[in-house]
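Notes for the structure review
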Amino acid sequence: MNKTWTTRGLFGRSLVLGTVITACGGGSGNTASVEGNWDEVVAAAKKEGSVMLYSSQNIAILESLKEAWSKQYPEIKLEFVRGTDADLNPRIETENRTGKGTADVHVVTDTAWIAAASDSGAYSQDLRGPSFDNPEYQPDASIKNGKFFLDVAATFGMGWNTNTVPEGLSNPADVLNPEYAGKIGIVNPVGIASYVDLYDFYTKNFGADYEKKLAALEPRIYPSALGVAQALTSGEIVVAPMVQPLIREVASGAPVNWALPKPSWGTPFFGHVTSVATHPNAAQVLADFMVSREGQTAQAIGVATALPGIPGATADAHSIQTPDPGQLTPQYVDKKSQEWEQLFTR
């Protein structure tokens, strides 16, 4: 096992897993992958009766995916655990090391982890579903080493509470107004490569002293963009420089709005079927479903999609500016995480 990345998710600190687990379902468990055609894989998946997804995606996306899945495959109960990459990657590593799998499919944004895991192949099974052969999916650009598949891509921008900031924001630098001191929401990047890259992006494009000025305003810190969105909606904070598009919140009438800055940043979500999947056939069917038009439509809530022409998508997941795994080494992420903690949590 490659030690340079199997300890990647721990980062020298204790984490409490904040998860959402759907009601437990059945499933025979510990079945074998069938060697037949796709129809036989689907039949075996229905016999397994259950599939478990680990994902760092927005919970609204996961609930929507679950609903669409249940309509397509009512015989297979989808369960999911939601957590950050820093939460879930160590769990995947432990399950792989012990051979006691819980996750069948794992969706992750940590580009360094994805690159190392796809090169190693030790954590994943080869993908089999017909949706991966769809030319519109651009399989050559979307699949890494036959094991990791591009699902969607998160796009991040500015958000604000319209009751307090009716004029909105036009540039991330607008957040640095002293009037917003103590009422700014940001994500905690410690141990999360994609968020480390997001802070680098803001520093590069909106001022070398952006982080320093932001820290001086004593922002409220949240473990994920979901927490930032909820805080904006409740009025706990009034502005945020880094939140996923608040499409669902706006549609529901919440007092919030959002805009993507220019340039804008995003991070892709890649999935894989775990090597120790308890429900290996259902895992293959879920992975295939996620990149099908039905699965992509279900996930198109404030994200870029890997298929074109998906209603609600913010962009093409193949074309957004994304993190460079060569830059985001474990050592670099550790260093930047420590610098961020010294600046924002002292």
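Residues numbered from 1 in each chain as written. Predicted model: local features only at pLDDT ≥ 70, side-chain atom pairs only at ≥ 80, totals over all residues. Heavy atoms only, no water.

Side note on the overall build of the protein chain
Here is the rule: Note on conventions: DSSP H or I runs of at least 4 residues are helices, E runs of at least 2 residues are strands, and numbering of each starts at the N terminus. Using C-alpha atoms as the atom set, the radius of gyration is obtained and then compared with a globule rule of 2.2 Å times the number of residues to the power 0.38. The criterion used for residue contact is that any of the two residues' heavy atoms lie within 4.5 Å.
The helix and strand inventory of the protein chain stands at 13 helices and 11 strands. Here the C-alpha atoms of the protein chain give a radius of gyration of 20 Å, agreeing with the 20 Å that 2.2 N^0.38 yields for 346 residues. The contacts of the protein chain with a sequence gap of at least 6 include a subset with a gap of at least 24, amounting to 78%.

Some thoughts on the layout of surface pockets
By rolling a water-sized probe across the atoms, one finds the places where empty space is left. The line we're drawing: Points on a 1 Å grid over protein atoms alone make up a cavity when a 1.4 Å probe fits among them but cannot get out, and a pocket when they form an open set with protein on both sides within 12 Å along at least five of seven lines; lining residues each have an atom within 4 Å of a point. Grid points are joined across faces, edges and corners, and a volume is the space filled by probe spheres set on the points. All amino acids are sorted into three groups, where Ala, Val, Leu, Ile, Met, Phe, Trp, Tyr, Cys and Pro are nonpolar, Asp, Glu, Lys and Arg are charged, and the leftover types, Gly among them, are polar.
Its volume calculated, the second largest pocket comes out at about 260 Å³. The wall of the second largest pocket is formed by 15 residues, among which Ala 141, Lys 144, Pro 268, Phe 270 and Thr 322 lie closest to the centre. Contributions of two or more residues to the lining of the second largest pocket are made by helix H5 (111-120), helix H6 (139-142), strand S4 (143-144) and strand S10 (265-273). Taken together, the residues that form the lining of the second largest pocket break down as 10 nonpolar, four polar and one charged.

A look at the packing of aromatic side chains
Where we set the bar: Pairing of aromatic side chains requires ring centres within 6.5 Å, counting the rings of Phe and Tyr and the six-membered ring of Trp. Pairs whose planes differ by under 30 degrees are stacked, by over 60 edge-to-face, and all others tilted. Exposure categories follow from relative accessible area, calculated using a 1.4 Å probe and restricted to protein chains: below 20% of the type maximum is buried, above 50% is exposed, and the middle band is partly exposed.
If you walk through the whole model with that rule in mind, you get 16 aromatic pairs. Plain terms: the ring middles of Trp 113 and Phe 148 are 6.4 Å apart, the flat faces sit at 70° to each other, and that makes the pair edge-to-face. Taken as a pair, Trp 113 in helix H5 and Phe 148 in strand S5 (residues 148-161) lie far apart in primary sequence, 35 residues in all. Of the two residues, Trp 113 and Phe 148, neither departs from the other in class, the shared state being buried. With centroids separated by 4.8 Å and ring planes inclined at 15°, the aromatic side chains of Trp 340 and Phe 344 adopt a geometry described as stacked.

Observations concerning the nonpolar core
Generally speaking, a soluble globular protein has its nonpolar side chains buried in company with each other. For clarity, the threshold we go by: Nine residue types can take part in a nonpolar core, namely buried Ala, Val, Leu, Ile, Met, Phe, Trp, Tyr and Cys, and a core is a set of them joined through side-chain atoms within 4.5 Å.
Grouped together as the largest cluster of nonpolar side chains are 99 residues, with contacts concentrated most on Leu 53, Trp 69 and Val 239. Sorting elements by how many residues they give to this core places S5 first, with nine residues. With near-sequence residues (within four places) excluded, Trp 69 lies in contact with Val 51, Pro 74, Ile 76, Lys 77, Leu 78, Ala 282, Val 285, Leu 286 and Phe 289. Counting five residues, the second-largest nonpolar core is a separate cluster that includes Ala 193, Val 196, Tyr 332 and Val 333.

Points about helix H9 (residues 225-234)
Extensive coverage of H9 is indicated by the burial of seven of its 10 residues. Those residues of H9 that sit buried are Ala 225, Leu 226, Gly 227, Val 228, Ala 229, Ala 231 and Leu 232. Two residues or fewer after H9 comes Gly 235, characterised by a positive phi angle close to 90°.

Let's talk about empty space enclosed by the protein
Evaluated as defined, the whole model comprises one cavity of 30 Å³ or more. Here the largest cavity defines a volume of roughly 160 Å³. Along its surface, the largest cavity is lined by 17 residues, and Ser 56, Arg 82, Thr 109, Tyr 195 and Phe 269 are the ones closest to its centre. Looking at the lining of the largest cavity, the elements with two or more residues in it are S5, helix H7 (193-206), H9 and S10.

Focus: the confidence of the model for the protein chain
One rule of thumb: low pLDDT means the predicted coordinates there are not for detailed reading. Short version of the rule: Values of pLDDT, ranging from 0 to 100, describe the predictor's confidence in every residue of the model.
For the protein chain, per-residue confidence averages 89 on the pLDDT scale, and 91% of positions sit at 70 or higher. Counted against residues more than four places away or in other chains, residues 1-29, with its pLDDT under 50, gives 72 contacts.

Structural notes on the packing of H7 against helix H13 (residues 330-344)
In a pair of packed helices, the angle between the axes and the distance between the axes together describe the arrangement. Keep this limit in mind: Lines fitted to the C-alpha atoms define the axes, with helices restricted to the stretch that makes contact. Angles between their N-to-C directions range from 0 to 180 degrees. Crossing chirality is assigned from the near helix's rotation relative to the far helix, an anticlockwise turn below a right angle marking it left-handed and a clockwise turn marking it right-handed.
For the pair H7 and H13, interaxial distance at closest approach is 10 Å and the crossing angle is 65°. Classified by chirality, the crossing of H13 by H7 is left-handed. Between H7 and H13, the contacting residues are Ala 193, Val 196, Tyr 199 and Asp 200 on the first element and Tyr 332, Val 333, Lys 336, Ser 337, Trp 340 and Phe 344 on the second. Per-class residue counts for the contact of H7 with H13 are seven nonpolar, one polar and two charged.

Remarks on the pattern of salt bridges
Side chains bearing opposite charge may pair, as long as their charged atoms lie close to each other. Heads up, the rule is: One side-chain nitrogen of Lys or Arg within 4 Å of one carboxyl oxygen of Asp or Glu is enough to make a salt bridge.
Tallied over the entire structure, the rule returns eight salt bridges. Note that Asp 209 and Lys 213 form a salt bridge whose closest N and O atoms lie 3.4 Å from each other. Note on Lys 213: relative accessible area 43%, which makes it partly exposed. The partner of Lys 336 in a salt bridge is Glu 339, and the shortest N-O contact between them spans 3.7 Å. Linking Lys 336 with Glu 339, this pair stays in helix H13, spanning three residues, or about one helical turn. Each of Asp 200, Lys 335, Lys 336 and Glu 339 takes part in salt bridges that share partners, so that together they form one network.

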